[in-house]
Amino acid sequence: MSRLKGLKADSSQFTLEGEPFHILGGSIHYFRVPRAYWEDRLLKMKACGLNTLTTYVPWNLHEPERGAFNFQDQLDLKAYVSLAAQMGLWVILRPGPYICAEWDLGGLPSWLLQDKDMQLRTTYPGFVDAVNLYFDKLFSVIKPLMVKGGPIIALQVENEYGSFAKDEKYMPFIKNCLQSRGVNELLLTSDNWEGLRYGGMDGVLKTINLQRLSFGAIQHLADMQPQKPLMVMEYWSGWFDVWGEHHHVFHAEDMLAVVSEILERGVSINLYMFHGGTSFGFMNGAMDFGTYKPQVTSYDYDAPLSEAGDCTTKYQLLRNLFSQYHSEPLPEVPSPQEKRAYSTVFIQHHLSLWDSLHFADKRPVNMENLPVNNNSGQSYGYTLYETTITSGGALNSRNSIRDRALVFVDRQCVGSLDYKTQELALPDGKGERTLSLLVENCGRVNYGKALDEQCKGIVGDIVLNQTPLRGFTIFCLDMKPSFMKRLTNSGQWKTDFKSPTVPGFLQARLSVDGPPKDTFIRLPGWGKGVAFVNGQNLGRYWFIGPQHFLYLPGPWLRSGENQIIVFEEQRSDDKILFTENPDHGKTIDVYKLPFCTLL
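Keep in mind the model is a prediction, meaning the values are calculated, not measured. (Residues numbered from 1 in each chain as written. Predicted model: local features only at pLDDT ≥ 70, side-chain atom pairs only at ≥ 80, totals over all residues. Heavy atoms only, no water.)

Colleague: Explain the pairing of strand β10 (residues 231-236) here, please?
Modeller: Looking down a regular strand, the side chains alternate between one sheet face and the other. Across the six residues of β10, six count as buried, placing the element largely inside the fold. Of the strand pairs in this sheet, strand β9 (residues 204-210) and β10 are connected by three bridges, and their pairing is parallel. Of the residues in β10, the one forming a bridge with I208 is V232. Following the backbone out of β9, through helix α6 (residues 217-224) and into the adjacent parallel β10, one traces a crossover that is right-handed. Summarising the sheet, β10 and strand β12 (residues 268-275) pair through four bridges and their orientation is parallel. From the neighbouring strand, M231 faces β12, where its bridge partner is S268. (Buried < 20%, exposed > 50% of the residue type's maximum accessible area, 1.4 Å probe, protein only. Helix = DSSP H or I, 4+ residues; strand = E, 2+ residues; numbered from the N terminus. Pairing = 2+ DSSP bridges. Right-handed = clockwise from strand over helix to strand, strands pointing away.)

Colleague: How should the side chain of T189 be read in this particular structure?
Modeller: Secondary-structure assignment places T189 in strand β8 (residues 186-191). Judged by its relative accessible area of 9%, T189 is buried. Once residues within four sequence positions are removed from consideration, T189 is found in contact with Q156, V157, M171, M201, V204, L205, K206 and T207. (Contact = heavy atoms within 4.5 Å.)

Colleague: Would you explain the environment of L557 in this entry?
Modeller: When you line up the elements, L557 lands in the loop between β32 (550-552) and β33 (560-568). Among the residues examined, L557 registers a relative accessible area of 6% and is labelled buried. Sequence separation between L557 and T519 is 38 residues, and the spatial gap between their C-alpha atoms is 9.9 Å.

Colleague: Is there a simple way to explain the pattern of salt bridges in this structure?
Modeller: In a structure, side chains of opposite charge can pair up when their charged atoms sit close to one another. Summed over the entire model, instances satisfying the criterion amount to 26 salt bridges. Between D40 and R41 there is a salt bridge, with its nearest N and O atoms 2.8 Å apart. Assessed through its relative accessible area of 1%, R41 is described here as buried. Residues K116 and D117 are paired through a salt bridge, measuring 3.6 Å at the closest nitrogen-oxygen approach. (Salt bridge = Lys/Arg side-chain N within 4 Å of Asp/Glu carboxyl O.)

Colleague: What's the story with helix α4 (residues 125-142) in this structure? I'm lost.
Modeller: Quick reminder: α-helices carry 3.6 residues per turn. Residues three or four places apart thus point the same way. Spanning 18 residues, α4 covers 25 Å between terminal C-alpha atoms, matching the ideal 26 Å at 1.5 Å per step. Regarding α4, the residues found buried are F127, V128, A130, V131, Y134, F135, L138, F139, V141 and I142. Structurally, α4 contributes buried residues whose contacts are with α2 (59-62), α3 (77-86), β6 (90-94), β7 (152-156) and α5 (170-179). (Expected span 1.5 Å × (residues − 1).)

Colleague: Is there a simple way to explain the packing of aromatic side chains in this structure?
Modeller: Think of a pair of aromatic rings as described by two things: how far the centres are apart, and how the planes are tilted against each other in angle. Scanning all chains against the criterion turns up 35 aromatic pairs. Here Y56 and Y272 contribute two aromatic rings whose centre-to-centre distance is 6.2 Å and whose plane-to-plane angle is 65°, an arrangement assigned as edge-to-face. Of this pair, Y56 sits in strand β5 (residues 52-56) while Y272 sits in strand β12, placing them 216 residues apart in sequence. As far as burial versus exposure is concerned, Y56 and Y272 are alike and both buried. On the basis of an interplanar angle of 80° and a centroid distance of 5.8 Å, the ring pair of Y161 and Y198 is categorised as edge-to-face. Remark: Y198 occurs in the loop between β8 and β9 and Y161 occurs in the loop between β7 and α5; sequence separation between them is 37 residues. Owing to a relative accessible area of 1%, Y161 belongs among the buried residues under this scheme. (Phe/Tyr/Trp six-rings, centres within 6.5 Å; stacked < 30°, edge-to-face > 60°.)

Colleague: What's the story with the layout of surface pockets in this structure? I'm lost.
Modeller: To find leftover empty space, a probe the size of one water molecule is rolled over the atoms. Here the largest pocket is characterised by a volume of approximately 1100 Å³. Lining the largest pocket are 37 residues, with L61, L75, M283, P481 and Q536 positioned closest to its centre. Listed by contribution, the elements that provide at least two residues to the lining of the largest pocket are α2, α9 (481-488) and β31 (536-542). Of the residues in the lining of the largest pocket, the class split is 17 nonpolar, 15 polar and five charged. (1 Å grid on protein atoms, 1.4 Å probe; cavity = no way out; pocket = protein on both sides within 12 Å on 5 of 7 lines; lining within 4 Å. Points joined across faces, edges and corners; volume = space filled by probe spheres on them. Nonpolar A, V, L, I, M, F, W, Y, C, P; charged D, E, K, R; others polar.)

Colleague: I keep staring at empty space enclosed by the protein and nothing clicks. Help me out?
Modeller: By the definition in use, this model includes four cavities of 30 Å³ or more. Considering only enclosed or pocket space, the second largest cavity measures out at about 80 Å³ in volume. Considering the residues around the second largest cavity, the lining is formed by Y161, G162, M171, T189, D191, G195, Y198, G199, G200, M201, V204 and K206. Going through the elements one at a time, β8 and β9 are the ones with two or more residues in the lining of the second largest cavity. Within the lining of the second largest cavity, the residues separate by chemical class into five nonpolar, five polar and two charged.

Colleague: Please explain the UniProt feature "domain: Beta-galactosidase 1-like first all-beta" (unreviewed entry) in the protein chain as it appears in this structure.
Modeller: UniProt annotation of "domain: Beta-galactosidase 1-like first all-beta" (unreviewed entry) refers to residues 377-477 when read in the numbering used here. Along residues 377-477 one finds 0% helix and 49% strand; the C-alpha atoms at either end are 12 Å apart. (UniProt positions renumbered as here; feature names shortened; annotations may be inferred.)

Colleague: Looking at this structure, I do not really get the nonpolar core. What am I missing?
Modeller: In a soluble, globular protein the nonpolar side chains are often hidden away together inside. In this structure, L42, F127, Y235, V259, F505 and I576 are the most contacted members of the largest nonpolar core, which totals 157 residues. For this core, the leading source of residues is α4, giving ten residues. Once residues within four sequence positions are removed from consideration, F505 is found in contact with H349, H350, L351, S356, M479, F483, M484, L487, W493, I565, V566 and F567. (Core = buried A, V, L, I, M, F, W, Y, C linked by side-chain atoms within 4.5 Å.)

Colleague: Is there a simple way to think about the domain arrangement of the protein chain in this case?
Modeller: For interface size, the figure often reported is the accessible area lost on association. Taken domain by domain, the protein chain consists of domain 1 (7-237), domain 2 (345-351 + 480-579) and domain 3 (363-471). Between domain 1 and domain 2, the C-alpha centre-to-centre distance is 36 Å. Counting residues at the interface gives five residues for domain 1, matched by seven residues for domain 2. Between domain 1 and domain 2 lies a buried interface of about 380 Å² when both sides are counted; carbon and sulfur atoms form 61% of it. If you look at where domain 1 meets domain 2, you find one salt bridge. A salt bridge links K480 to E65, with the shortest nitrogen-to-oxygen separation between them at 3.8 Å. Across the contact surface, domain 1 and domain 2 share one residue pair in polar contact (both at pLDDT 80 or more). Residues belonging to the side of domain 1 that touches domain 2 are distributed by class as follows: three nonpolar, no polar and two charged. (Domains from an automatic or database assignment. Buried area = accessible area lost by both parts, 1.4 Å probe. Polar contact = N/O pair within 3.5 Å; in protein donor to acceptor, adjacent residues only side chain to side chain.)

Spelled out as structure tokens, the structure:
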């Protein structure tokens with residue numbers, strides 16, 4: 001895909017190599033799709049008639065500990081972009097550093113929060129220094145994919161900063177970060193209707209994010225940038241879900257009507273998402289506009305390609321539409337991935353949480369400041385806080401629990417604390433007893449003004465009868481691969497089920513005959529927790545829904561024996577089920593909701 005002139009925005013129409021170019025784009029995040037399926041998803045994108053791939057780049061995965069970078073395997077961005085080039089797709093890269101994306105802390109690493117004065121997304125020196133070091137590494141990886149031979153035709157400067165806009169020097173700083181590292185490609189910003197009010201930058205094209213064409217949004221963008229090409233950088237093909245509410249759907253016919261009109265006007269488009277995938281592990285984000293709402297594991301998004309990569313009705317309708325913008329017939333659509341409902345497996349071994357504790361520190365500090373992970377702190381998962389009490393009475397969290405805690409007295413569960421429930425009566429008892437709080441980071445907020453306040457764990461005083469508790473022993477339960485490996489090999493697993501199994505780890509074996517196929521895990525009768533298969537963290541499940549499954553990609557299974565470990569907080573069953581079809585729960589039509597309720 002060699003070129004000399006690149007993508008230009010010098011008139012009312014984009015040009016690529018001097019020829020008019022209509023961007024027909026779609027978002028697929030490489031970090032939400034198993035690497036073994038990158039090719040399948042990109043082939044389906046090409047077969048739908050799209051010509052451009054867009055992806056965010058998550059800083060918190062690429063630099064999980066300060067100064068320790070990872071661009072290998074599942075995070076091999078260079079390989080992903082190169083694969084797009086092989087498919088004949090152009091690429092618009094959205095390197096952040098903030099990406100939103102319904103991703104923990106909007107893609108920013110949690111170790112930034114170790115600085116109590118940190119001001120994220122500003123020119124605060126601690127943030128600037130960290131961004132510079134990260135971008136040095138990132139651009140050493142992607143630079144060969146831009147100049148003359150690469151598929152990257154444009155880069156986005158930050159993400160929806162107009163809705164945040166705390167520091168007028170910040171966006172020029174990020175722009176300079178890109179250009180000083182040799183970026184000569186077209187630069188874009190992307191904002192929703194509200195965010196467009198933020199002043200732009202010379203030489204940077206504004207684009208808009210939307211789902212419906214009310215308020216004359218596109219004309220508003222045209223008026224702001226006369227004689228410039230118009231682009232909807234995020235056309236929301238569906239919406240994301242939060243725990244305890246309904247699954248959002250956006251009916252295919254409603255979506256098609258808007259996309260058709262956008263294309264008829266000659267406006268370029270990027271479908272966000274074309275394929276959503278999965279927020280595997282603990283990486284989901286959260287919303288907080290007065291009420292904290294963590295997002296679910298599935299990032300299906302009701303997108304044209306489903307979470308498991310299947311072509312939906314939306315896909316077929318869009319393919320028919322996009323085919324009208326091509327002179328040649330579109331490529332054949334790849335065959336769907338086979339699914340399989342494996343036989344039910346039964347729990348064989350269990351290991352109590354109390355038998356798995358492996359890390360202790362004597363200070364009641366929040367996750368991010370625990371002296372673990374090369375002093376980059378704990379980013380995700382659970383943290384257990386234990387101290388001694390000599391009486392019962394009123395335990396009050398003073399809203400210092402982030403985000404949810406199960407409370408135990410002498411390892412018997414007595415209740416839970418969260419944002420809504422901040423006080424609990426502890427039973428009376430004689431002598432010294434152990435008070436334990438198992439605190440879960442349910443996901444850091446990824447959008448809005450509260451980014452600096454996303455420390456997790458216990459973030460202030462917890463009081464018993466008005467007296468602050470002290471002398472905590474703290475256990476880091478981040479459930480990283482190294483932890484799970486030690487757990488598996490611990491030799492402490494029990495086979496009798498007389499002793500309590502929750503909170504704790506429960507193990508089963510799945511035997512697979514022949515080549516492994518995609519499947520969905522179902523856990524009816526279970527409460528809340530996380531599932532691991534062959535060491536891969538599939539993400540969280542929670543009986544409150546709407547999501548009632550976990551996607552298990554075939555490439556993460558192997559022929560023969562497979563290990564499943566479930567960490568369950570409150571109630572377990574003796575079996576794990578598999579199905580070919582996901583259950584998204586009750587649905588609600590996005591198009592019938594007032595837009596403000598979505599945000």
